[in-house]
Amino acid sequence: MNFKGRTVALIVGITITVSSLVTMAIMDLPIFASSAGQPSSGSLTVKEQQKVNAVLQVIQKHYFKEIERTKLIDGAINGIFTALDDPYSTYMQRDEAENFNVSVEGGFTGIGAEVSMEDGKVTIVSPIKDTPAERAGLKPKDVLLTVDGVTLEGLNLNQAVDKIRGPRGSKVKLEVKRPGVEQVMTFEITRDKVDLETVFPTMLNDKIGYIEIRQFSTNTYEHFITALDGLEKKGMKGLILDVRNNPGGVLDIVEKMTSPFIQKGKPLLQVEYRDQPREVHKSKGTDQQKPYPIAILTNKGSASASEIMASALQESAGVKIVGEHTFGKGTVQTSFPDQEDGSLIKITIAKWLTPNGNWIHQKGIEPDVPVAQPDYFNAAPIAKDKLLKKDMNAADVKNLQVILSGLGYKLDRKDGYFSASTEQAVKAFQKEKKLAVTGQVDSKTAEQLELSIVEVMRDKKNDAQLNAAIKTIQKEIQP
């Protein structure tokens, strides 16, 4: 194997997605410096080589069935990365590396959810906006248990992701454990092409600009500046930046996107490599801050590069963070491709800290204005293989009641007992949607309930966090 440190990529995004979505920025990094008394190559000593060769010989000679040597070598490398106990450092074989590289520049096929390994469990970091994962209802911190009935326990992240991937139009069934929810939830998701459009600008009422940033990809900066210029030319009086469910991306890109809002020379972040003093990355903006107030929206799915933007704006520009506590990823990765067999190593090479020197890793950032979304934003999919009816008492019924309440139906209880009031609400919904009016929730009614609550969640007037950000800006707009 011949892993070359090409002009190295600096990644401030989550490890991997179920669609292989990771983005990179090209930078020169001082990662070949030697540690004291150790060769920079990190080569095995003769004794270590002999030990590894001896193990290979024993397996190939005595194991009860024949195994390809390449599989053993790949397994040994995966074992090395397991020993790092770092979910953001990983080894990718050729096909995984190819998916990784393709996803840097364009779209991809999958379910569209960023995942990480937390405490040995495959965990959703965030569903990507307008993807099958988001439409199905996957949420940050959901733990994936099985894929098409096969457990993920004991698999590394790449192995788990490989089971979730598949061709466009194919279906995958996931069993998920959600924090705070007793029952295991089942999601059946149809894989699709995931669009990597990352910037979505809108002018809200009172000339308040709103820019949703879904990821910090290689082309995001150009789209962002175009969007920002367009809003400013329309007389924007305040700006809301939305990085909710944004899993991160490219360090160079997030620095360029944040600089216009922070005075030139003020810190954006600090980066700390092994055995080296911290580097302070400073704003290359102008001498004056923007003449309008700014707020930034975050939630549990705001990770890495999103946290860099949020903390830089908060600590160096006094911008208020609105929403929820962020994910908490404070490390930096780079990639090394193998020039011979096409495999690739992605490895953590530094940690980043906020302008004030705070390391938010596994802690996240607290918002200045904490706001939770209504309960129905966290509702689970309704089981399609069960008939929910009067006098049942179950967690599925409680979830149904959360959805009905979110749709505006009045209920006498929301504790999981299928009361007469719940039955009447179901009948009213079925009548409105021209379904059979039975008062029972079958698969057709369940599907319509889910589609309806998604519509409600997408309506900006029901977005409690966005509304709080608007009020925050309104208070600061100069009359």
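Here, every reference points to the structure presented above.
Here's what I pulled together on the structure shown here. (Residues numbered from 1 in each chain as written. Predicted model: local features only at pLDDT ≥ 70, side-chain atom pairs only at ≥ 80, totals over all residues. Heavy atoms only, no water.)

Concerning the packing of helix α1 (residues 46-62) against helix α2 (residues 69-84)
- Two elements in contact, α1 and α2, have axes whose closest approach is 11 Å; the angle formed by their N-to-C orientations is 140°. Regarding the angle of α1 to α2, the classification is oblique. The chirality of how α1 crosses α2 is right-handed. Along its contact with α1, which presents Leu56, Ile59 and Gln60, the element α2 presents Arg69, Leu72 and Ile73.
- Of the residues assigned to the contact of α1 with α2, the class counts are four nonpolar, one polar and one charged. (Axes fitted to C-alpha atoms, helices over the stretch in contact; angles between N-to-C directions. Helix = DSSP H or I, 4+ residues; strand = E, 2+ residues; numbered from the N terminus. Parallel < 35°, antiparallel > 145°, perpendicular 65-115°, else oblique. Left-handed = near helix turned anticlockwise from the far one by under 90°. Contact = heavy atoms within 4.5 Å. Nonpolar A, V, L, I, M, F, W, Y, C, P; charged D, E, K, R; others polar.)

Focus: the sheet that holds strand β20 (residues 320-323)
- Strand order across the open sheet formed by six strands is β13-β14-β15-β19-β20-β23, with mixed pairing between neighbours. The sheet terminates laterally at β13 (199-204) and β23 (369-370), the two strands that pair on one side only.
- Direction of pairing for strand β14 (residues 208-213) relative to strand β15 (residues 238-242): parallel, over a ladder of five bridges. Bridging from a neighbouring strand, isoleucine 208 pairs with glycine 238 of β15.
- With respect to the sheet, helix α8 (residues 305-317) is in contact with β14, β15, β19 (294-298) and β20, its orientation differing from that of β19 by roughly 145°. (Pairing = 2+ DSSP bridges.)

A word on the side chain of serine 306
- Here serine 306 shows up in helix α8.
- A polar contact of 2.9 Å, which involves the side chain of serine 306, links it to the backbone oxygen of asparagine 246.
- For serine 306, the residues in contact, after removing those within four places along its chain, are Phe216, Val243, Asn246 and Gly248. (Polar contact = N/O pair within 3.5 Å; in protein donor to acceptor, adjacent residues only side chain to side chain.)

Things to note about α2
- Here α2 contains 16 residues, and its C-alpha end-to-end distance of 24 Å stays within 8% of the 22 Å for a straight helix at 1.5 Å per residue.
- Three or more residues of α2 are buried, namely Leu72, Asp74, Ile77, Asn78 and Phe81.
- Looking at the buried side of α2, the elements it contacts are α1, β4 (90-92) and β22 (344-353).
- Backbone geometry just downstream of α2 places aspartate 85 in the positive-phi region, at approximately 55°. (Expected span 1.5 Å × (residues − 1). Buried < 20%, exposed > 50% of the residue type's maximum accessible area, 1.4 Å probe, protein only.)

Comments concerning the environment of valine 322
- As for its placement among the helices and strands, valine 322 is situated in strand β20.
- Distance from valine 322 to isoleucine 240, taken between C-alpha atoms, is 9.7 Å for residues 82 residues apart in sequence.
- Sequence-distant contacts of valine 322, that is, excluding residues within four places in its chain, are made with Ala295, Ile296, Leu297, Thr298, Pro367, Val369, Val371, Gln465, Ala468, Ala469 and Thr472.

A short note on the packing of helix α7 (residues 251-258) against α8
- Two elements in contact, α7 and α8, have axes separated by 10 Å at closest approach and are oriented at 30°. On the basis of their axis angle, the class for α7 and α8 is roughly parallel. In this structure, α7 crosses over α8, and the sense of that crossing is right-handed. Contacts between α7 and α8 involve Leu251, Val254, Met257 and Thr258 on the former and, on the latter, Ala305, Ile308, Met309, Ala312 and Leu313.
- Counted by class, the contact of α7 with α8 contains eight nonpolar, one polar and no charged residues.

What to know about the packing of aromatic side chains
- According to the stated counting rule, one finds four aromatic pairs in the structure shown.
- Between the aromatic rings of phenylalanine 224 and phenylalanine 261, the centroid separation amounts to 6.1 Å while the plane-to-plane angle is 75°, which identifies the pairing as edge-to-face. Placement of the pair is phenylalanine 224 in helix α6 (residues 220-233) and phenylalanine 261 in the loop between α7 and β17 (267-273), with a sequence separation of 37 residues. For the pair phenylalanine 224 and phenylalanine 261, one class covers both residues: buried. (Phe/Tyr/Trp six-rings, centres within 6.5 Å; stacked < 30°, edge-to-face > 60°.)

Thoughts on unusual backbone geometry
- Not every positive phi belongs to a glycine, and asparagine 245 is a case in point at roughly 55°.
- Inspection of the secondary structure puts asparagine 245 in the loop between β15 and β16 (248-250).
- Residue classification places asparagine 245 among the buried residues on the basis of a relative accessible area of 15%.
- At glutamine 362, a residue that is not glycine, the phi angle is positive and equals roughly 60°.

Comments concerning the side chain of aspartate 396
- Locating aspartate 396 in the fold gives a position in helix α9 (residues 395-406).
- When its relative accessible area of 13% is taken as the criterion, aspartate 396 is described as buried.
- When near neighbours in sequence (up to four residues on either side) are disregarded, aspartate 396 contacts Gln183, Ala383, Lys386 and Leu388.

A look at α9
- Across its twelve residues, α9 extends 17 Å between first and last C-alpha, which sits within 8% of the 16 Å expected from 1.5 Å per residue.
- Across the twelve residues of α9, nine count as buried, placing the element largely inside the fold.
- Against α10 (420-432) and α11 (443-458) lie the buried residues of α9.
- Just downstream of α9 lies glycine 408, where phi reads positive at about 100°.

Topic: the nonpolar core
- Among the nonpolar cores identified, the biggest contains 41 residues, and Ile211, Leu239, Leu241 and Met309 are the most heavily contacted of them.
- Where this core is concerned, the elements lending two or more residues are β14, α6, β15, α7, β17, β19, α8 and β22.
- With seven residues, the top contributor of residues to this core is α8.
- By size, the runner-up hydrophobic cluster in this structure holds 23 residues, among which are Ile382, Val397, Ile403 and Phe429. (Core = buried A, V, L, I, M, F, W, Y, C linked by side-chain atoms within 4.5 Å.)

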